[in-house]
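Spelled out, the chains give:
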Amino acid sequence: QVQLVESGGGSVQAGASLRLSCAASGRTSSSYTMGWFRQAPGKEREFVAGISWSTGSTAYANSVQGRFTISRDSAKNTAYLQMNSLKLEDTAVYYCGATGRRYIPLRQYDYELWGQGTQVTVSS
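In this report, we go over the structure that sits alongside the text.

Calculation rules
Residues numbered from 1 in each chain as written. Predicted model: local features only at pLDDT ≥ 70, side-chain atom pairs only at ≥ 80, totals over all residues. Heavy atoms only, no water. Helix = DSSP H or I, 4+ residues; strand = E, 2+ residues; numbered from the N terminus. Buried < 20%, exposed > 50% of the residue type's maximum accessible area, 1.4 Å probe, protein only. Areas by Shrake-Rupley, 256 points an atom, 1.4 Å probe, with all protein chains shown as cover. Lys, Arg positive; Asp, Glu negative; His and termini not counted. Charge placed at Lys NZ, Arg CZ, Asp CG, Glu CD. Polar contact = N/O pair within 3.5 Å; in protein donor to acceptor, adjacent residues only side chain to side chain. Contact = heavy atoms within 4.5 Å.

Of regular secondary structure, the protein chain possesses zero helices and eleven strands. Moving toward the C terminus, one meets the helices and strands of the protein chain in the order β-β-β-β-β-β-β-β-β-β-β. Overall, the protein chain is about 40 × 25 × 25 Å in size when its C-alpha atoms are taken along their principal axes. A total of 124 residues make up the protein chain; the buried ones form 41% of that total. A total of about 6500 Å² of accessible surface is found on the protein chain, and carbon and sulfur atoms cover 45% of it. Computed over 12 positive and 8 negative side-chain charges, the inter-centroid distance for the protein chain is 5 Å.

This is the structure in structure tokens:
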């Protein structure tokens, strides 16, 4: 039905910026929510940011508040995660997820579809 493809990851130095993209292909609905999660080695997948496609409402984890910005381009069916002032602790595989729920879930289990992930590595 719908596939999600992340891109934009890479290796950068602390303080640099990256913009991740999550492109949805196939037939999509504007009533869903898209979210970004990340998973570092040995840790659980954690919520980073989410956006309601229909309302534009956003939510952020405290750890990225003020540094990361989630946005969407409806014409391209693409969500973005602008990451500024990157820190070492931001190093992780970043995943894009989608759900038909109207609210922005904070648990990975509430998302119905996932992309393959993109690696973000921040070094000093």
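Looking at the secondary structure, you find Thr-33 in strand 4 (residues 33-39). Looking at Thr-33, its side chain comes within polar contact range of the main-chain oxygen of Tyr-103, at 3.2 Å. Every residue in contact with Thr-33, bar those within four places of it in the chain, is listed here: Ile-51, Ser-52, Trp-53, Gly-97, Ala-98, Thr-99, Arg-101, Arg-102, Tyr-103, Ile-104, Pro-105 and Tyr-111.

Along the polypeptide, Leu-4 turns up in strand 1 (residues 2-7). Separated by 85 residues in sequence, Leu-4 and Glu-89 have C-alpha atoms that sit 25 Å apart. Beyond its immediate stretch of four places on either side in the chain, Leu-4 contacts Cys-22, Ala-23, Ala-24, Met-34, Cys-96, Gly-97, Ala-98, Leu-113, Trp-114, Gly-115 and Gln-116.

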